[in-house]
Amino acid sequence: MATAKWAQLSHNVLEIIFGFLDLNDLRCCYLVCRHWYKLLNDENNDVWRMHCVRKLAEDALKSDVLVSAPTYKAKLRAFYHAWDPSECSRNIYIKSNCFTLHRNPVAQSTDAAKGKLGFKTGRHCWEVWWEGPLGTVAVIGIATKKAPIQCTGYVALLGSNSESWGWNLVDNLLLHNGDSQGNYPQLNNAPKYEKGERIRVILDCEDSTLAFERNYEFLGVAFRGLPDKKFYPAVSAVYGNTEVSMVYLGHPLDG
């Protein structure tokens, strides 16, 4: 009888109830019945809107930082994958929108940041873009927990060791273990990165590859044969007061 009464509740009532549950409880609700599954599978309903309003800063919801995450559930997913304040150099702080880091103007220092969640399985995609000058070195890519987040001097910190892989946007070079892995993308007179241009990073843990996409154009696989480790979105920067944003998008769209 009780189950029948729950099944008779309208979508509006269920959305209000579900809006007050935590994410672990919502995962369980997915499995109760088709009715609940269908409701929660709507990524733009009031359940996900209420969670967004409670978790995300108002300036993030009103700005275009999340333009590539069009639904409320996608925005919430991006929030849980945003920059990790505990995995940033002491010369970096995360702005109130949670998606943008600011590097303080500290001389002779290279500073890095990583995302909150790492990946060891599956396929994942996120966007990264500079909202200020690149300086002499600006690297995007992936890193493990062991990769350092600060060093002295102006260097390509991301890619300078065995725990990180990066693409230096300034000179279009791939970097790993302190060595150049060649030009990227492999085009004659490849265009230089322009401030504000969104780069999509594509990590395929099943195929052990890292690739990049610019302006919806796939640039090719950058790194192959990645080891069996947990990888985190990462960047390293040297320019004072520059800002870098990162938004997790989920499973990459092929084609």
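Located above this text is the structure these notes cover.
Residues numbered from 1 in each chain as written. Predicted model: local features only at pLDDT ≥ 70, side-chain atom pairs only at ≥ 80, totals over all residues. Heavy atoms only, no water.

J.: Can you tell me about the overall build of the protein, naming the residues and giving the values?
T.: Scanning the protein from terminus to terminus reveals seven helices and 15 strands. In terms of overall dimensions, the protein is globule-like: its C-alpha atoms have a radius of gyration of 20 Å, near the 18 Å expected for 255 residues. Seen through its C-alpha atoms, the protein measures out along the principal axes to roughly 70 × 35 × 30 Å. Buried positions account for 50% of the 255 residues belonging to the protein. Within the protein, residue pairs in contact and separated by at least 24 positions form 64% of the contacts whose partners lie at least 6 positions apart. Total accessible area computed for the protein in this model is approximately 12700 Å², and 51% of it derives from carbon and sulfur atoms. In the protein, which carries 28 positive and 27 negative side-chain charges, the distance between the mean positions of the two groups comes to 4 Å. (Helix = DSSP H or I, 4+ residues; strand = E, 2+ residues; numbered from the N terminus. Rg over C-alpha atoms; globule rule 2.2 N^0.38 Å. Buried < 20%, exposed > 50% of the residue type's maximum accessible area, 1.4 Å probe, protein only. Contact = heavy atoms within 4.5 Å. Areas by Shrake-Rupley, 256 points an atom, 1.4 Å probe, with all protein chains shown as cover. Lys, Arg positive; Asp, Glu negative; His and termini not counted. Charge placed at Lys NZ, Arg CZ, Asp CG, Glu CD.)

J.: Quick rundown of the pairing of strand E11 (residues 199–204)? Include the residues and the values.
T.: Of all six residues in E11, six are buried; the element is thus mostly enclosed. Residues Ile199, Val201 and Leu203 of E11 are buried on one face, and the alternating residues Arg200, Ile202 and Asp204, pointing to the opposite face, are buried as well. Bridge count between strand E5 (residues 123–130) and E11: six bridges; the pairing is antiparallel. By the bridge assignment, His124 is partnered in E11 with Leu203. Of the strand pairs in this sheet, E11 and strand E12 (residues 209–214) are connected by six bridges, and their pairing is antiparallel. The residue bridging Ile199 from the neighbouring strand is Arg214, located in E12. In sequence, E11 turns back onto E12 through a hairpin of four residues, with Ser208 there showing a positive phi of about 60°. (Pairing = 2+ DSSP bridges.)

J.: Give me the nonpolar core: which residues, what numbers.
T.: In this structure, Phe99, Trp130, Ile140 and Phe212 are the most contacted members of the largest nonpolar core, which totals 61 residues. Those residues in contact with Ile140 that lie beyond four places of it in its chain are Val128, Trp130, Leu158, Trp165, Gly166, Trp167, Leu169, Ile199, Val201, Phe212, Ala234 and Val235. Judged by nonpolar contacts, the second largest core, of eight residues, contains Val139, Ala143, Leu175 and Ala234. (Core = buried A, V, L, I, M, F, W, Y, C linked by side-chain atoms within 4.5 Å.)

J.: Describe the environment of Glu131, listing the residues and the values that go with them.
T.: Secondary-structure assignment places Glu131 in the loop between E5 and strand E6 (138–143). Between the C-alpha atoms of Glu131 and Ser96, which are 35 residues apart in sequence, the distance is 15 Å. A distance of 2.9 Å separates the side chain of Glu131 from the side chain of Trp129, its partner in a polar contact. (Polar contact = N/O pair within 3.5 Å; in protein donor to acceptor, adjacent residues only side chain to side chain.)

J.: Give a detailed account of the packing of helix H5 (residues 46–55) against helix H7 (residues 72–80), specifying residues and quantitative values.
T.: In a pair of packed helices, the angle between the axes and the distance between the axes together describe the arrangement. The contact between H5 and H7 brings their axes to 8 Å, and the two run at 35°. At the point where H5 passes H7, the crossing takes the left-handed sense. For the pair H5 and H7, contact is made by Trp48, Arg49, His51, Cys52 and Lys55 and by Tyr72, Lys73, Lys75, Leu76, Phe79 and Tyr80, respectively. Tallied by class, the residues present in the contact of H5 with H7 amount to six nonpolar, one polar and four charged. (Axes fitted to C-alpha atoms, helices over the stretch in contact; angles between N-to-C directions. Left-handed = near helix turned anticlockwise from the far one by under 90°. Nonpolar A, V, L, I, M, F, W, Y, C, P; charged D, E, K, R; others polar.)

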